[in-house]
Amino acid sequence: MSSPAPSPKETTPEIFYTRLSPPPDHNRKTPPQAPIIFLHGLSSCHLEFSRTTPFLSSTYELILVDLPGHSGSRALPFTLANAVNALAHLVASKVAGGRAHVVGLSLGGMVALEFARRHPELVLSVFCTGCAPLGGYQKWFISRPWLMGGIEMVAGKLSTEAVFWGYIGVDAVPGLRKEMGRNGSMELLGPGYGACTEVTMESIAEIRGVRIAIVAGGRKDSVEQTRATGKVLAMTNPECRAFVVRDAVHLWDLQLPELFAQGVRAWVEGDELPKEFEMLN
């Protein structure tokens, strides 16, 4: 489905990104792989993938984005439309061949799904995690973004380093908490949580022509919602799959970075995913 015409409130911003390119191979017989774009979670930044990229950067060109409202793109207001428009501009103007694989986590996963819905012609595949539309009490909280944002801001300011990273379930990442603190304003958190309610089962059912893997971290994410999302995706594209990694927390790119990279590589290359990926549909 092509993108609708932007409304007067939508912009096409230039977003900040870091590009990691593989070393030159003068003996290469085939064209280099299409790039992989990485989209981080709410209040985070491209540093979120710092433990994953070393397992991929020797083979793939990697584009690590700061979404609107975050870190290097902080001056740009975050809306789901702005994020999708910025990604479309990035791929169309900065990516050779005009198509890319997309990896998204949490809010980044929801942006990836909406990007695939609006611009399937720019997307080769999507690997996303922690981004199934929520139900039950989680949906109730997310539908009150200013409440969620306020809780996150207070918790972030009061938590010690050990408590902060212990709650997330990963070891500390140099520089990332500082960036998350700088990003953690109500101007971002309110619209960010609000955007999580815009990606629904109905909108996901509109995605056409994109091979998508949606993954749940078994220790934090909703496995059943991920299963249901996989079924919806498979109705229009039988190549789409849903998985759970049982030992994974929400930010498992930081917890299990090598496995995360192995999953990305396998999905991008059309291979079988590692045994830790339990298929849900």
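Coordinates for the structure precede this section.
Residues numbered from 1 in each chain as written. Predicted model: local features only at pLDDT ≥ 70, side-chain atom pairs only at ≥ 80, totals over all residues. Heavy atoms only, no water.

1. Thoughts on unusual backbone geometry
This is how the line gets drawn: Numbering goes from the N terminus for both helices and strands, where a helix is a DSSP run of H or I of at least four residues and a strand is a run of E of at least two. Between buried and exposed lies partly exposed: a residue is buried under 20% and exposed over 50% of the maximum accessible area for its type, with that area taken using a 1.4 Å probe on protein chains only.
Even without glycine at this site, S43 takes up a positive phi of about 70 degrees. Mapped onto the fold, S43 is located in the loop between β2 (36-39) and β3 (62-65). In this structure S43 comes out as buried when scored by relative accessible area, which is 2%. Unlike most non-glycine residues, S71 shows phi in positive territory, near 45 degrees. The buried category is assigned to S71, whose relative accessible area is 9%.

2. Focus: the pairing of strand β5 (residues 123-129)
What counts is decided by this rule: For two strands to be treated as a pair, DSSP must find no fewer than two bridges joining them. By convention, orient the strands away from the viewer: a clockwise path from the first strand over the helix to the second makes the crossover right-handed.
With respect to burial, β5 is a largely interior element, six of its seven residues being buried. Examined bridge by bridge, strand β4 (residues 100-105) and β5 share six bridges and lie parallel to one another. Opposite V102, over in β5, you have V126 as the bridge partner. Remark: the β4/helix α2 (residues 107-118)/β5 crossover connection has right-handed handedness. When β5 meets strand β6 (residues 211-217), the two strands line up parallel, connected through five bridges. Directly across from S125, in β6, lies its bridge partner R211.

3. Brief notes about the packing of aromatic side chains
Just so we agree on the cut-off: Stacked, tilted and edge-to-face are the three classes applied to pairs of Phe, Tyr and Trp rings, where Trp contributes its six-membered ring and a pair requires centres within 6.5 Å; stacked means planes under 30 degrees apart, edge-to-face means over 60, and tilted covers the rest. Counting as a charge over the ring demands two things of the Lys NZ or Arg CZ atom: a distance within 6 Å of the ring centre and an angle within 35 degrees of the ring normal.
Throughout the structure, instances matching the rule amount to eight aromatic pairs. Ring-pair connections join several aromatic residues into one group, and the members of that group are F127, F243, W252, F260, W267 and F277. Its end group placed over the ring of F164, R177 keeps NZ or CZ at 4.4 Å from the ring centre. Across from the ring centre of W267, 4.5 Å away, lies the NZ or CZ of R211, which sits over that ring.

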